[in-house]
Amino acid sequence: MSPLGISLLMVAALAGFGWGVWRKLAIVLALQPAVRWDAPAQRLHSVLGNGLLQRRMLRFEWKPGLMHAVIFLGFMSLLLRKLQLIAIGYSESFAFVPWFGGPFAAFKDFVEVAVTLAVLYGLWRRFVLRPARLEPNREAVLVLGLIGAIMLTDFAFDGLRFALLAEHWPAIAHERDWAFAGSAVAAAFQGLPTATLHTAYTGFYWAQMALVFGFLVLLPLGEHFHIVTALPALFLRRGRPANRVPSVDIERLMEATDEADMKAGVRTARDLLWKDAFDVFTCTECGRCKDACPTHLTGKPLSMKGVNDSLKHHLVEQRAALVGADAKAELPPLVGPVIGPDTLWACTSCGYCEAACPIELEHLDRFFRLRQHQVMIEGEFPHELKKVYEAYEAQGNPWGLQAAQRGDWAQGLGVKQVRSAQDMAGLELLFYVGSAMSFDPRGQKIARAFVAILQRAGVRFGMLGADEGSTGECVRRTGNEMLFQQLATSLAGRLNERGVKRIVTCDPHAMNSLRNEYPEFGGHYEVVHHTQLIAELLAQGRIQVGAALQRVVFHDPCYLGRHNGEFEAPRAVLARLCADTPLEMSLSREKAMCCGAGGGRMWMEETLGKRINVLRVEQALAVSPQTIATACPYCAVMVGDGLGALVDATARSRDIAELVAEALVDG
């Protein structure tokens, strides 16, 4: 071969690769700091599971997942082959020692055949199957073509090398004995004139190396940069579900005297964390984030893939202002020119995009911080939220009803009011009711049903009544961090004054805030969902139920399932209530679609695309249920309204607490 030629090719390719990488990493390094290298053992575990073993890639759709896993693992395992080819460029007769060279030749052929088949499946999927989430993508087709060409040129080179050199070099002959694909190609070429073999041999070698190093230069320039950054992104991930909103230092914000210091959330690209930029440059654009995204499926202008793509192009366009000579230049705001207001406010915070992302990229925190700036600094947000904020400020609930009426729903039920630590000392737990079940008639029915269950089980419990207060969960997710912290500090203080340790609630949103966000404000409680407690009471024999229900399908609440990992307790309860096997929607468990109420969307009009709750009910009706079971007061409202919008729907909607209360029997 040519030592000079291979050296020049490597230097040029590495220089091009390095230039492309630096173009992006310089932007990443210029953004806001964040610590993402603590707990290295846990981070490495994710690199192993979701990176090297491709668990997330295989979980939801095994066929495309297997295709990607084969290509990825092939890429990783064939790095040694590329080093071997480089060595051949310096010494034509180079071969591994026989004990390794033979088995490696067989392994290489097996991997290259598998990768070739995976590439063919990938092309067939893009051009024949054409799933909705895969838009036309020239770069994806180019990369599949390059990978396929690298495999084919390597087969050809190996066969020509064996045909030309095996009889002269024992080590190469030994490799041929093991290389089933290369040996077959060599047999096909055997008998051609030596000059022809040599010309083809040389041509396929340089074609192979040009493709390999050309691919290297291409990687940092497009979406396939993830081949380089995916494993680091997994190591640098947040490492938890998207169940906590980034906090704002309200005290510092209030003390700011200079307008430049009055900052909250994200306004421009300069306010992003470095991990935000790393994520958008890493996004594979696979589209999995869209499969159960309620906004995408109902025709709204939001897909996280699209948001990442817009941010990626914006960061590259503003590179000079971020890292160059104009590093102090004013940047345009992100909301408006880059991310439209309808896109920002469409998000229900259901978390599906993050749960589905094969490399655990983070999306929701970025949206929460964008909303914080819009609400607290710009004062620009959907007009419906103004009344909601005012209602919370005046009465501590989004309906604006009198706070003193918060416990009126329980009149005559004999529920103990917890007014002091002494009251709490004799109780097993506190029932945190929440605004939805204190003021909304639909929620009140669920609360009364749950009280009946607790009383039948002999559970010693109480509630705060008029003193309860809201968790502020929805105002935090709509960006009003100041109001949220006021509500959280007040409620945590009341709970702590009364010595509350264990809480049960029917509201997964409240459960999530009390469990995952209130520790920041001094609230440390064991918080369980009502379906978890009901499952516990059934298992202990403290309540008995009849099994008369049939054809029941369960709608997973996002903040119970994806955000807090509870999928089994509701199903365990339903299994005790049903005479048959409970049904499952096509989008269920980790892939369940949101009802449309999360992220503050409960209080905003839905004017774009199809209504989310109607689509969700249609998904439920596809399995012909008699009952759609819910486990969240907001889901109960949304599913009920969705059924009401479909005039021919005959199924009923019930919370699991209502179903259990109706099925209670004497033990």
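Values in this document were obtained by computation on a predicted structure and should not be read as measured data. (Residues numbered from 1 in each chain as written. Predicted model: local features only at pLDDT ≥ 70, side-chain atom pairs only at ≥ 80, totals over all residues. Heavy atoms only, no water.)

### Concerning helix H9 (residues 180-189)
For step 1, the next point in the chain: Inspection of H9 places Ala181, Gly182 and Ala186 among the buried residues, and these make up the whole buried set. With its buried residues spanning 135° around the axis, H9 presents them on a single face.
For step 2, the next point in the chain: Close packing links the buried residues of H9 with helix H6 (98-129), helix H7 (138-165) and helix H8 (170-178).
For step 3, the next point in the chain: Two residues or fewer past H9, glycine 191 is found with a positive phi of approximately 100°. (Buried < 20%, exposed > 50% of the residue type's maximum accessible area, 1.4 Å probe, protein only. Helix = DSSP H or I, 4+ residues; strand = E, 2+ residues; numbered from the N terminus. Arc of directions from axis to C-beta. Contact = heavy atoms within 4.5 Å.)

### Some details on the environment of leucine 85
For step 1, the next point in the chain: Residue position: leucine 85 is located in helix H5 (residues 79-90).
For step 2, the next point in the chain: The contact partners of leucine 85, leaving out residues within four places of it in the chain, are Asp154, Phe157, Tyr205, Gln208 and Met209.

### A word on the packing of aromatic side chains
For step 1, the next point in the chain: Inspection of the entire model under this criterion finds 19 aromatic pairs.
For step 2, the next point in the chain: Aromatic pair phenylalanine 96 and phenylalanine 100: ring centres 5.1 Å apart, planes at 90°, arrangement edge-to-face.
For step 3, the next point in the chain: Taking the relative accessible area as the measure of exposure, phenylalanine 96 reaches 16% and is therefore buried.
For step 4, the next point in the chain: An aromatic cluster is present here, built from Phe94, Phe96, Trp99, Phe100, Phe104 and Phe107 joined pairwise through their rings. (Phe/Tyr/Trp six-rings, centres within 6.5 Å; stacked < 30°, edge-to-face > 60°.)

### A short note on the sheet that holds strand E8 (residues 627-630)
For step 1, the next point in the chain: Pairing within the open sheet is parallel, and its three strands lie in the order E7-E8-E9. Of all strands in the sheet, those with a lone pairing partner are strand E7 (552-554) and strand E9 (652-655), marking the two edges. Pairwise comparison of adjacent strand axes, ignoring direction, gives a mean angle of 30° for this sheet.
For step 2, the next point in the chain: Here E7 runs beside E8; their pairing, made up of three bridges, is parallel. In the strand pairing of E8, phenylalanine 554 is matched with alanine 629. (Pairing = 2+ DSSP bridges. Axes fitted to C-alpha atoms, helices over the stretch in contact; angles between N-to-C directions.)

### A closer look at the nonpolar core
For step 1, the next point in the chain: One finds Phe431, Phe450 and Val660 to be the most contacted residues of the largest nonpolar core, which totals 137 residues.
For step 2, the next point in the chain: Every residue in contact with phenylalanine 431, bar those within four places of it in the chain, is listed here: Trp409, Met437, Ala447, Phe450, Val451, Phe461, Gly462, Met463, Glu468, Val504, Thr505 and Cys506.
For step 3, the next point in the chain: Ile6, Leu85, Phe162 and Leu197 belong to the second-largest nonpolar core, a separate cluster that totals 22 residues. (Core = buried A, V, L, I, M, F, W, Y, C linked by side-chain atoms within 4.5 Å.)

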